[in-house]
Amino acid sequence: MHYWSEVNRQSSIAAAVFCLLQCGTEIHDTDLVMVDRTLTDICFEDTIILGPKYNLLAHTTLRIEHVQGSFKTHDLLLEATEDSPFWLPLYGNMCCRLVAQPLCMIEPVISGQLKVMLGEDLNCWQNVYGVLKGQSLLCYQCQEELESEDEPLLVIHLKKDTLVCLSETDPVRCQSLYISTRHQGQDVTYTLTAHTPEDTQRWTVALWQHVYNMSEAWMYI
């Protein structure tokens with residue numbers, strides 16, 4: 001028995017759910033049922049007595065390690081035989097390209113207070129509220145600007161080959177975070193820091209993981 005749902009990501013409150021039932025090689029499905037977070041049980045009132053809508057001929061299982069940048073051939077495991085009334089001749093394999101998108105591409109990974117160095121002046125820093133999401137580190141003047149959906153003060157574009165490193169020390173004896181990326185044909189390096197060494201380390205680890213996730217998912221950005 002398999003459950004599938006189609007979630008409205010705008011509200012993340014309600015979902016349309018249906019159920020797939022596999023009985024041998026027969027595949028049955030139910031009607032959609034609307035659910036929300038207040039429900040602890042889902043009841044499907046369909047009566048499954050007629051013939052199946054689908055018949056399972058063969059299957060294969062694709063996992064995250066099968067995500068590739070090109071089409072690949074995968075072996076099929078046959079579930080039916082030539083004696084089956086719904087039999088179709090199969091070659092024994094299928095060709096497809098599996099693409100995955102990490103959750104971090106559509107939901108914020110980390111957010112909080114940061115300081116960004118403006119220009120090359122080591123004494124010129126701007127306090128910002130940073131949000132790591134998708135292909136960007138968005139820097140707002142304050143959290144209220146984020147909530148009011150104002151344009152960010154600074155957008156640091158991230159790619160799968162963006163370099164993120166942590167300095168040993170700097171003139172003011174606190175660690176700095178360097179983000180080196182390429183934007184509009186030019187190499188750009190941003191210098192940031194958090195208000196505590198622990199927060200700086202937390203942002204660094206989050207950025208490392210974020211860039212790694214993008215490269216592993218073959219996001220061509």
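See the structure printed just above.
Residues numbered from 1 in each chain as written. Predicted model: local features only at pLDDT ≥ 70, side-chain atom pairs only at ≥ 80, totals over all residues. Heavy atoms only, no water.

**Digging into the overall build of the protein chain**
Move 1: A tally of regular secondary structure across the protein chain gives two helices and 16 strands.
Move 2: Looking at the protein chain as a whole, 30% of its 221 residues are labelled buried.
Move 3: If you sum the accessible surface of the protein chain, you get close to 15000 Å²; carbon and sulfur atoms cover 52% of it. (Helix = DSSP H or I, 4+ residues; strand = E, 2+ residues; numbered from the N terminus. Buried < 20%, exposed > 50% of the residue type's maximum accessible area, 1.4 Å probe, protein only. Areas by Shrake-Rupley, 256 points an atom, 1.4 Å probe, with all protein chains shown as cover.)

**Some details on the nonpolar core**
Burial of nonpolar side chains together is a common tendency in soluble globular proteins.
Move 1: Within the largest apolar cluster, 22 residues are counted, with the highest numbers of intra-cluster contacts made by Leu132, Leu137, Ile156 and Leu192.
Move 2: Taken together, the elements giving at least two residues each to this core come down to strand S10 (110-117), strand S11 (125-133), strand S12 (136-140), strand S15 (177-183), strand S16 (186-193) and helix H2 (197-216).
Move 3: The dominant element in this core, judged by the number of residues it contributes, is H2, at five residues.
Move 4: Every residue in contact with Leu132, bar those within four places of it in the chain, is listed here: Glu107, Pro108, Val109, Ile110, Leu137, Leu158, Trp203, Ala206, Leu207 and His210.
Move 5: Grouped together as the second largest cluster of nonpolar side chains are five residues, Ala15, Val17, Val35 and Phe44 included. (Core = buried A, V, L, I, M, F, W, Y, C linked by side-chain atoms within 4.5 Å. Contact = heavy atoms within 4.5 Å.)

**Some thoughts on H2**
Two residues of an α-helix separated by three or four positions point the same way, owing to the 3.6 residues in each turn.
Move 1: Under the 1.5 Å per step criterion, the end-to-end length of H2 is 29 Å for 20 residues, consistent within 8% with the ideal 28 Å.
Move 2: If you check which residues of H2 are buried, you get Thr200, Trp203, Thr204, Ala206, Leu207, His210, Val211 and Met214. Burial along H2 is one-sided: seen end-on, the buried residues are contained in an arc of 170 degrees. Turned more than 90 degrees off the buried face of H2, the exposed positions are Pro197 and Glu198. (Expected span 1.5 Å × (residues − 1). Arc of directions from axis to C-beta.)

**Considerations on unusual backbone geometry**
Move 1: Its identity as a non-glycine residue notwithstanding, Gln184 has a phi of 55 degrees, on the positive side.
Move 2: In this structure, Gln184 sits in the loop between S15 and S16.
Move 3: Classification of Gln184 as exposed rests on a relative accessible area of 72%.

**Quick word on the pattern of salt bridges**
Move 1: Applying the stated criterion to the full structure yields two salt bridges.
Move 2: With a shortest N-O distance of 2.8 Å, Asp187 and Arg182 are connected by a salt bridge.
Move 3: When its relative accessible area of 63% is taken as the criterion, Asp187 is described as exposed.
Move 4: As a salt-bridge pair, Asp199 and Arg202 come within 3.5 Å of each other at their nearest N and O atoms. Of this pair, Asp199 and Arg202 both sit in helix H2, three residues apart, which is roughly one turn of the helix. (Salt bridge = Lys/Arg side-chain N within 4 Å of Asp/Glu carboxyl O.)

**Digging into the side chain of Thr30**
Move 1: Mapped onto the fold, Thr30 is located in the loop between strand S3 (26-29) and strand S4 (33-36).
Move 2: Since its relative accessible area comes to 9%, Thr30 is described here as buried.
Move 3: Within polar-contact distance, the side chain of Thr30 engages the backbone nitrogen of Cys19 at 3.0 Å.
Move 4: Residues contacting Thr30, with those up to four places away along its chain left out, are Phe18, Cys19, Leu21, Phe44 and Asp46. (Polar contact = N/O pair within 3.5 Å; in protein donor to acceptor, adjacent residues only side chain to side chain.)

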